[in-house]
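The chain contents come next:
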Amino acid sequence: MEGNRAHVAVIGGGISGLAAAWHLKQGAGEQIKVTVLDGASRVGGKLYATEVAGVSLDVGAEAMLARRPEGKELARAVGMGDDLVHPGTASSAIYSRGVLRSLPKGQIMGVPSDLAELAKSGILSPGGLLRVPLDQIFPATLVRTDVSVAAYIRARVGGEVLDRLVEPLLGGVYAGRSEMLSLEATMPRVAAAARSERSLLAAARHIAQEAPKDAGPVFTTLRAGMGSLPEAVAKASGADVRTGVTVRELHRTEHGWRLVTGPVPRPETVEADAVIIAVPAPAAARLLKDEVPGAATELARIQYASMAVVTLAYPAAAFPERPARSGYLVPPVEGRVVKAVTFSSVKWPHLSRDLVLLRCSIGRIGEEHLLQRDDAELVSLAMAEMSEVMGARGLPLDTRVTRWGGALPQYNVGHIDRVARVHAAVSGQPALAVCGAAYDGLGIPACIATARTAASRILDHLSQRGESES
């Protein structure tokens, strides 16, 4: 306790930690002091905007789901509601068999719901297309436990749907591979259908039919980029935010927790009544290994994928035709280095009318060797992609390479049960909570939701302790 105020330490200054700090202050106001500690030189984690060709561009997460409320609500609450903008177009494509092809309408994370639309897209070969409707006559594939996405999708509609539709869409979110990713954790609506429907196609049709027709845009961002959100949340939280401070150890004390920071030869300590851990799973595992070994063991099993974002700014005249789509995805079976391209200035028209601004994503789980190339080589690979696929000529006006080591947690088979065991172990420790992308969703709204839950747990504990002491 500091005076009459409880002290809560939040370890991690990404959007999850900052949102947790904000929710703590909303719940307790001046009754608590909140300190946010982060080892990086800035707050925001994977939310980061930088200037490219004079334009502020996201080089980390560049959008958030608009159909989940948590992200928009937080933006509005910290005074950024007027800065929310929506895409100019959501039209995207798959690079399949040497050509950009539009995503079939009605697909559910790559699973087709309309065979005519699938055929029209041209994404599958004739043989692959003929395999899909067999799903409707095959016996049910009973799914009683969590299985990989690949195992279920391949059994129902064949390898081409998996390789050329599901794999690139999942890869765009997780930078993972369907052979490892959990059906339950990454495609929950499909997993629910797999427990009750005989046909995956019929289930996909039902999901598509039940989707709201007037739900509005799927994504939203901020006018200055999602990278502008963390600073606003940090300021609104009123927390003492300290960057360049890595927490190396966490120990329980008689009245709360002791955090060990600073260099090993000259350690410093921070005393706190409660702690929220909002760092990636490997770092959380190291912090919890002594005090909550059960949670640490489970967290250490969560793998992470690394990737790089290569941002290019071209004059519009470099393209024979100005790109009309928001971007495209590349299936791993195509054997290309670039896995996804976003035409930022098409997707977000407010960015620039004179330039073509785009992002090329490189790296999936297991492709760390690609990221060992230097920045100049990654830029050359991205330029070659634009030249071959889009016909771009000449040099970009500006480039930026942003590397995200260990950026994306892999929701592999058994993930939901693994996270449940983490929460069960942590719940046995008073004044401790965890939040972040490793648990219940990678997107910004999902991270904010975990932060709100963690803050509520700590506030409940502090309230109960206050009542017992009064």
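Worth saying up front: this structure is predicted, and the values here are computed from it rather than measured.

1. Description of the overall build of the protein chain
- Counting its secondary structure elements, the protein chain contains 17 helices and 20 strands.
- Relative to the 2.2 N^0.38 estimate, which gives 23 Å for 470 residues, the radius of gyration of the protein chain is 23 Å and therefore close to what a compact globule would have.
- Overall, the C-alpha framework of the protein chain stretches about 75 × 55 × 45 Å when taken along its three principal axes.
- Here the protein chain holds 470 residues, and the buried ones make up 54% of them.
- Look at the contacts in the protein chain between residues 6 or more apart in sequence, and 73% of them connect residues 24 or more apart.

2. Things to note about the nonpolar core
- Within the largest apolar cluster, 75 residues are counted, with the highest numbers of intra-cluster contacts made by Leu-24, Leu-259, Val-275 and Ile-277.
- Excluding its chain neighbours within four sequence positions, the residues that come into contact with Leu-259 are Ala-9, Ile-11, Leu-37, Val-247, Glu-249, Leu-250, Glu-268, Thr-269, Val-270, Ala-272 and Val-275.
- If you look at the next biggest cluster of nonpolar residues, it comprises 44 residues, including Ile-108, Ile-153, Ala-175 and Ala-204.

3. Some points on a nonpolar patch on the surface
- Taken together, Leu-65, Val-218 and Phe-219 make up a surface patch of nonpolar side chains, about 220 Å² in accessible area.
- Turning to its location among the elements, Leu-65 is positioned in strand S5 (residues 64-65).

4. Details of the environment of Val-434
- On the secondary structure map, Val-434 appears in strand S20 (residues 432-434).
- Judged by its relative accessible area of 6%, Val-434 falls in the buried class.
- Among all residues touching Val-434, those that are not within four sequence positions of it are Ile-277, His-423, Val-426, Tyr-439, Thr-450 and Ala-454.

5. Comments concerning the sheet that holds strand S11 (residues 247-252)
- Within the open sheet, the three strands sit side by side as S11-S12-S13. Their pairing is antiparallel. Every other strand in the sheet has two partners, leaving S11 and strand S13 (268-272) as the edge strands with one partner each. Direction aside, neighbouring strands of the sheet carry axes that sit 25° apart on average.
- In this structure, S11 lies alongside strand S12 (residues 257-261), joined through five bridges in antiparallel fashion.

6. Observations regarding the environment of Thr-141
- Checked against the element boundaries, Thr-141 lands in the loop between helix H4 (126-131) and helix H5 (149-157).
- A relative accessible area of 24% places Thr-141 in the partly exposed class.
- For the pair Thr-141 and Arg-195, spaced 54 residues apart in sequence, the C-alpha separation works out to 8.7 Å.
- Among all residues touching Thr-141, those that are not within four sequence positions of it are Tyr-152, Ala-155, Arg-156 and Ala-194.

7. Side note on the sheet that holds strand S15 (residues 304-315)
- Ordered by their spatial adjacency, seven strands build an open sheet running S8-S7-S16-S17-S18-S15-S19, and the pairing between neighbours is mixed. Because the sheet does not close on itself, it has two edges, and the strands there are strand S8 (99-102) and strand S19 (398-409). Across the sheet, the axes of successive neighbouring strands diverge by a mean angle of 25°, strand direction being ignored.
- Pairing geometry for strand S7 (residues 92-96) and S8, over four bridges, is antiparallel. By the bridge assignment for S8, Ile-94 is matched with Arg-101.
- Its contacts with the sheet put helix H6 (residues 159-174) on S7, S15, strand S16 (327-329), strand S17 (338-343) and S19, and the angle it makes with S7 is roughly 120°.

8. Brief notes about the pattern of salt bridges
- Here the structure, examined in full by the defined rule, presents 23 salt bridges.
- Of the charged contacts, one joins Arg-452 and Glu-70 as a salt bridge, the two residues approaching to 4.0 Å between their closest N and O atoms. With Arg-452 in helix H17 (residues 444-469) and Glu-70 in helix H2 (residues 69-77), the pair connects residues that are 382 residues apart, well separated along the chain.
- A salt bridge links Glu-377 to Arg-373; the nearest nitrogen and oxygen atoms lie 3.6 Å apart.

9. Quick look at the packing of helix H11 (residues 281-288) against helix H12 (residues 293-300)
- The contact between H11 and H12 brings their axes to 8 Å, and the two run at 155°. Between H11 and H12, the interaxial angle falls into the category roughly antiparallel. Note that H11 runs across H12; the crossing there is left-handed. Here Ala-281, Ala-284, Ala-285 and Leu-288 of H11 lie close against H12, whose contacting residues are Pro-293, Ala-295, Ala-296, Leu-299 and Ala-300.
- Its residues placed into classes, the contact of H11 with H12 shows nine nonpolar, no polar and no charged.

10. Side note on the packing of aromatic side chains
- One pass over the full model with this rule turns up three aromatic pairs.
- Residues Tyr-314 and Phe-319 carry aromatic rings whose centres are separated by 5.3 Å and whose planes lie at 80° to one another, so their mutual orientation is edge-to-face.
- When its relative accessible area of 1% is taken as the criterion, Tyr-314 is described as buried.
- Overall, the relative accessible area of 5% leaves Phe-319 in the buried class.
- The positively charged end of Arg-42 is found above the aromatic ring belonging to Tyr-48, 4.1 Å away from the centroid.
- Across from the ring centre of Tyr-95, 4.7 Å away, lies the NZ or CZ of Arg-336, which sits over that ring.

Cut-offs and rules
- Residues numbered from 1 in each chain as written.
- Predicted model: local features only at pLDDT ≥ 70, side-chain atom pairs only at ≥ 80, totals over all residues.
- Heavy atoms only, no water.
- Helix = DSSP H or I, 4+ residues; strand = E, 2+ residues; numbered from the N terminus.
- Rg over C-alpha atoms; globule rule 2.2 N^0.38 Å.
- Buried < 20%, exposed > 50% of the residue type's maximum accessible area, 1.4 Å probe, protein only.
- Contact = heavy atoms within 4.5 Å.
- Core = buried A, V, L, I, M, F, W, Y, C linked by side-chain atoms within 4.5 Å.
- Patch = residues over 30% accessible without salt bridge, like charges linked within 9 Å, V, L, I, M, F, W, Y side chains within 5 Å.
- Areas by Shrake-Rupley, 256 points an atom, 1.4 Å probe, with all protein chains shown as cover.
- Salt bridge = Lys/Arg side-chain N within 4 Å of Asp/Glu carboxyl O.
- Pairing = 2+ DSSP bridges.
- Axes fitted to C-alpha atoms, helices over the stretch in contact; angles between N-to-C directions.
- Parallel < 35°, antiparallel > 145°, perpendicular 65-115°, else oblique.
- Left-handed = near helix turned anticlockwise from the far one by under 90°.
- Nonpolar A, V, L, I, M, F, W, Y, C, P; charged D, E, K, R; others polar.
- Phe/Tyr/Trp six-rings, centres within 6.5 Å; stacked < 30°, edge-to-face > 60°.
- Lys NZ or Arg CZ within 6 Å of the ring centre and 35° of its normal.

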